[in-house]
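Spelled out from the first residue to the last, the chains are:
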Amino acid sequence: MFVFIRGAGDLATGISVRLYRAGISVCHSDLAIPTAVRRNVAFSEAIRLGECSVEGVPAVRAESLEEVREAISQKKVPVVVDEGKSFLQSLHPDGVVDAIIAKRNLGTCMEDARVVIGVGPGFTAGVDCHAVVETKRGHDLGRVLLQGSAIPNSGVPGIIGGYGKERVLRAPAEGILEQTVPIGTLVEAGDICGVVNGVPMRTEISGIVRGMLQEGISVFPGMKTGDVDPRGAAVEYRNISDKARAIGGGVLEALLHFLPWELCRE
């Protein structure tokens, strides 16, 4: 079985690793300048660095169909730059997973593959995809929906350690993000975690920096640039999150609901 995943951020990567470990070949697409905050657990880093690894699963940037096929033959996850669907249409995957997490559909349709799965809000099973996987934290996280849509986006991050929107670091001005603290840094409320155009970006809460955009990227006021987890040192920030694993399990369930298991070993 071969699955094409639109997006290569931390949630898309959690899905990918789950599929990879189940014997399914995967390929990702993302933007030329990715904006994944939790970069240390995102295959999008392969676009920037040429290669990366998440929990021992290697990913490489691929520039052509031949390089995609070569990476897969070497048991690596290829990541391509594709803002549209040209690679997807040329590769003819068995399944397509839209894990861009844009909270809206950016062009995915049921005709893209034998089974098409939408991750999170913005998709309707039976209309623009075959199944939707719930992404909202809570009892239904990872649930597969064969009809209808995921819970609408509330605009408020899920509560962790009693905090929601306070966990998010946002750009205080327009300009270039610089002087950021490394992912994994323990911080106290009020600490400066980065600077944009001379304006300090401070954390509202104490905890561990679980994600941060790379220095040198252009940002706009209010843009999500980082993530602080209030659980602090207890968090294993170098591993895929519980949320991503749950969503990955839902995607695997949906694929096997529509496609024969025998495809996994082809």
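The model shown is predicted, which means the values in this text are computed figures rather than measured ones.

K.L.:
Which parts of the structure should I look at to understand the packing of aromatic side chains?
P.N.:
The geometry of an aromatic ring pair comes down to the distance between the two centres and the angle between the two planes. By the definition in use, this model includes zero aromatic pairs. A cation over an aromatic ring shows up here: Arg238 above the ring of Tyr237, its NZ or CZ 5.1 Å from the ring centre.

K.L.:
So what exactly am I meant to see when it comes to the packing of helix H1 (residues 10–21) against helix H5 (residues 242–258) here?
P.N.:
The description of two packed helices rests on the angle between their axes and on the distance between the axes. Between H1 and H5, the shortest axis-to-axis distance is 8 Å and the interhelical angle comes to 55°. With respect to H5, the axis of H1 lies oblique. As H1 runs across H5, the sense of the crossing is right-handed. Where H1 approaches H5, its residues Asp10, Leu11, Gly14, Ile15, Arg18, Leu19 and Arg21 are matched on the opposing element by Lys243, Ala244, Arg245, Ala246, Ile247, Gly248, Gly249, Val251, Leu252 and Leu255. Of the residues in the contact of H1 with H5, the class split is nine nonpolar, three polar and five charged.

K.L.:
Would you mind going over the environment of Ser218 with me for this structure?
P.N.:
Along the chain, Ser218 falls in strand S18 (residues 218–219). Put simply, Ser218 and Gly175 are 43 residues apart on the chain and 5.6 Å apart in space, counted from C-alpha to C-alpha. Contact partners of Ser218, with chain neighbours within four places excluded, come to Gly175, Ile176 and Met223.

K.L.:
Would you explain the nonpolar core in this entry?
P.N.:
Side chains that are nonpolar tend, in soluble globular proteins, to be buried together. One finds Leu19, Phe43, Val251 and Leu255 to be the most contacted residues of the largest nonpolar core, which totals 38 residues. In terms of residue count, H5 provides more of this core than any other element does, six residues in total. When near neighbours in sequence (up to four residues on either side) are disregarded, Leu255 contacts Met1, Val3, Leu19, Ile24, Gly95, Val115 and Ile117.

K.L.:
Whenever I open this one, the side chain of Ser29 confuses me. Can you help?
P.N.:
For Ser29, the location among the structural elements is in strand S2 (residues 25–30). Relative accessible area serves as the criterion here: at 3%, Ser29 is assigned to the buried category.

K.L.:
I'm lost on the sheet that holds strand S13 (residues 175–178) in this one. Help?
P.N.:
Backbone-to-backbone hydrogen bonds join strands into a sheet, with any given pair of strands oriented parallel or antiparallel. Spatially, the four strands line up as an open sheet ordered S16-S15-S13-S18, and their pairing is antiparallel. Either end of the sheet is taken by a strand with one partner, and the two such strands are strand S16 (199–202) and S18. Pairing geometry for strand S15 (residues 192–196) and S16, over four bridges, is antiparallel. Across the sheet, residue Ile192 finds its bridge partner in S16, namely Arg202.

K.L.:
Please clarify how unusual backbone geometry should be interpreted in this entry.
P.N.:
For residues besides glycine, phi is generally negative; the peptide bonds are generally trans as well. In the Ramachandran plot, Glu55 falls in the positive-phi region, its phi being about 50° despite a non-glycine side chain. Phi is positive for His92, which is not a glycine, with a value near 50°. Tracing the backbone through its elements, the reader meets His92 in the loop between helix H4 (86–91) and strand S6 (95–98). Residue His92 is classed as exposed on the basis of its relative accessible area, which comes to 65%.

K.L.:
Looking at this structure, how should I read H1?
P.N.:
Residues spaced three or four apart along an α-helix face the same direction, because each turn holds 3.6 residues. Over its 12 residues, H1 runs 16 Å from end to end, which matches the ideal 16 Å to within 8%, given 1.5 Å per residue. Among all positions of H1, only Leu11, Ala12, Thr13, Gly14, Ile15, Ser16, Val17 and Leu19 are buried. The positive-phi residue at the C-terminal boundary of H1 is Gly23, with phi of around 90°.

K.L.:
Got a minute to help me understand the state of the cysteines in this structure?
P.N.:
In a disulfide, the sulfur atoms of two cysteines are covalently bonded to one another. Counting across every chain of the model gives zero disulfides. Cysteine Cys27 is unpaired, with the sulfur of Cys52 as its nearest cysteine sulfur at 13 Å.

The rules we used
Residues numbered from 1 in each chain as written. Predicted model: local features only at pLDDT ≥ 70, side-chain atom pairs only at ≥ 80, totals over all residues. Heavy atoms only, no water. Phe/Tyr/Trp six-rings, centres within 6.5 Å; stacked < 30°, edge-to-face > 60°. Lys NZ or Arg CZ within 6 Å of the ring centre and 35° of its normal. Axes fitted to C-alpha atoms, helices over the stretch in contact; angles between N-to-C directions. Helix = DSSP H or I, 4+ residues; strand = E, 2+ residues; numbered from the N terminus. Parallel < 35°, antiparallel > 145°, perpendicular 65-115°, else oblique. Left-handed = near helix turned anticlockwise from the far one by under 90°. Contact = heavy atoms within 4.5 Å. Nonpolar A, V, L, I, M, F, W, Y, C, P; charged D, E, K, R; others polar. Core = buried A, V, L, I, M, F, W, Y, C linked by side-chain atoms within 4.5 Å. Buried < 20%, exposed > 50% of the residue type's maximum accessible area, 1.4 Å probe, protein only. Pairing = 2+ DSSP bridges. Expected span 1.5 Å × (residues − 1). Disulfide = S-S within 2.5 Å.

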